[in-house]
Amino acid sequence: MINVAIIGVGTVGQSVAKILKENKTLISARAGEEINVVKGVVKDLSKKRDISIPLTTNIDEVLNDDSIDIIVELMGGIDEPYRVIKAALTNKKAVVTANKALLAYHRYDLQEIAKNIPIGYEASVAGGIPIINALKVGLSANQILSIKGIMNGTCNYMLTKMMNENVSFNDILKEAQELGYAEADPTFDVGGFDAAHKLLILASIAYGIDAKPEDILIEGIEDINEHDMDFAKEFGYCIKLLAIAKKSKNNIELRVHPVLIKESQMIAKIDGVMNGISVIGDFVGESLYYGAGAGGDATASAVVSDIVEIVRAGQSSPMLGFKKPHQSQILKLLPVDEIESKYYLRMKVVDKPGVLANIASILAAWDISIETILQREAKEKNKAMLLFSIHTCKERQIKSAIKDIEAQETLNSKISMIRIED
Ligand SMILES: NC(=O)c1ccc[n+]([C@@H]2O[C@H](COP(=O)([O-])OP(=O)(O)OC[C@H]3O[C@@H](n4cnc5c(N)ncnc54)[C@H](OP(=O)(O)O)[C@@H]3O)[C@@H](O)[C@H]2O)c1
């Protein structure tokens, strides 16, 4: 018999207890042993919960209980769960966590502390989609050429609505908050940070690269408006928040930002709160993973799959998928300025002769060539909205050109830029 304690019996924790109870016979048969939740840890014992397991507020009580084999950490945060997981590993208990924020910072030190003690974290990326197992096991024969993921359901819900129903960012954010898809403070989701945490976890498994959120390019969807959506529709694109990892020679690009992506691409068809991840391997080609990226039950499904695997397989494989450092290639994170992309620019200008020619000459001075231009009426008198798409150039070129254009008196607001992912 395997004894499990759940630290954090909230949305996901309650679903974990429910699944282990409702599917007990099946799960025991799969794992080869009976799995029991013997204790849950919470902050507030008086809260009403859907499950009936013994509860305590004392974390150390379960960490120091020799009869507990697996600690499931579902409390959220970074510092406190880090302490809890380290203590669990020191006490030789296997750990399962859904905590992407913690892993974005501490996955390598936890792997070091764990050594052969299993740590499961399938639920930390894209909730119910088994993408960690796919990368760690299913695709381990391949060089991973790219990962492109829609991994934040809140942003995808908002962008889908903005595209299909012409609603503004602020209106749709309010609706997403009312529906419980967005937090009262939405910065973490709409700012791209949540997707970045997940990308960093996947990049470790795909490339063995140890990067932190502050090392990579992270931009959110806050500045996207109806002009961008119009431009996208006119040229057969949709707008998505993508988390992208790409390998080129010995460099790895890691970035999270909104993109214009052709409607015909498979990943462009992932709408609403759903998540989707496209992975390209050098031998397998493209594979696409689709499903619920959040929610108690879907996330708990991944948590329980880790518990089953730990019980079934015993000794774990290395947490992040590499047994030895990958010496044949020294992969480096590509500096943000060196990233190459096509770009879309939106700018509001004074509507008078010579303005467009001036902008074109500034772009040309930075060796940037224009692909398409659209002019739209601005709401204000004597102002125009100019929308450009730009051929491939480096991030440092486009940023320098934007700085020079923004210094012109004829420009009436900051320039908005979206990368184009063909
Ligand atoms: N919800 C999702 O869809 C989802 C998806 C993927 C990953 N995750 C991750 O899963 C984890 C849990 O998320 P959640 O949505 O289930 O969170 P939640 O509903 O807020 O639940 C957190 C639980 O932890 C308990 N807790 C917090 N701090 C504690 C402390 N210091 N001591 C004891 N108990 C403490 C809370 O106790 P009380 O109940 O008494 O307040 C609550 O039961 C997070 O890391 C999150 O990022 C969640």
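Residues numbered from 1 in each chain as written. Predicted model: local features only at pLDDT ≥ 70, side-chain atom pairs only at ≥ 80, totals over all residues. Heavy atoms only, no water.

With that out of the way, let us pick up a nonpolar patch on the surface. A surface patch of nonpolar side chains, amounting to about 250 Å² of accessible area, comprises Leu179, Tyr181 and Val273. Position of tyrosine 181 relative to the elements: it lies in the loop between helix H8 (169-178) and helix H9 (187-190). Residue tyrosine 181 is classed as partly exposed on the basis of its relative accessible area of 37%. (Patch = residues over 30% accessible without salt bridge, like charges linked within 9 Å, V, L, I, M, F, W, Y side chains within 5 Å. Areas by Shrake-Rupley, 256 points an atom, 1.4 Å probe, with all protein chains shown as cover. Salt bridge = Lys/Arg side-chain N within 4 Å of Asp/Glu carboxyl O. Helix = DSSP H or I, 4+ residues; strand = E, 2+ residues; numbered from the N terminus. Buried < 20%, exposed > 50% of the residue type's maximum accessible area, 1.4 Å probe, protein only.)

Frequently, the measure chosen for interface size is the accessible area that the parts lose on association. Examined at the domain level, the protein breaks down into domain 1 (2-128 + 296-313), domain 2 (133-292) and domain 3 (336-421). Here the C-alpha centroids of domain 1 and domain 3 sit 50 Å apart. (Domains from an automatic or database assignment.)

The ligand sits among 22 residues. The nearest are Val12, Asp44, Lys47, Arg49 and Gly295. The contact in question runs from an oxygen atom of the ligand to an N or O atom on the side chain of lysine 47, over 2.6 Å. When grouped by side-chain class, the residues that make up the shell around the ligand number 10 nonpolar, seven polar and five charged. (Near = heavy atom within 4 Å. Polar contact = N/O pair within 3.5 Å; in protein donor to acceptor, adjacent residues only side chain to side chain. Nonpolar A, V, L, I, M, F, W, Y, C, P; charged D, E, K, R; others polar.)

Core analysis: the largest hydrophobic core is formed by 94 residues, its most contacted members being Ile131 and Leu254. Non-local contacts of leucine 254, meaning those with residues more than four positions away in its chain, are made with Leu199, Leu200, Ala203, Ile209, Ala211, Ile216, Leu217, Ile244, Ala245 and Leu333. Listed in part, the 31 residues of the second largest apolar core include Val4, Val9, Ile35 and Val37. (Core = buried A, V, L, I, M, F, W, Y, C linked by side-chain atoms within 4.5 Å. Contact = heavy atoms within 4.5 Å.)

With the rule as written, the count across this model stands at 29 salt bridges. Between aspartate 228 and arginine 346 there is a salt bridge whose closest N-O contact spans 2.6 Å. Linking aspartate 228 in helix H11 (residues 226-234) with arginine 346 in strand S14 (residues 340-350), this pair joins segments that are 118 residues apart in sequence. By relative accessible area, which is 1% here, aspartate 228 ends up buried. Among the salt bridges present, the one from lysine 399 reaches glutamate 395, with a minimum N-O distance of 3.4 Å. Of this pair, lysine 399 and glutamate 395 both sit in helix H14 (residues 395-406), four residues apart, roughly one helical turn. Lysine 399 sits in the partly exposed class, given a relative accessible area of 34%. We classify glutamate 395 as buried; its relative accessible area is 0%. The network of salt bridges with shared partners includes Lys148, Lys246, Glu253, Arg255 and Glu421.

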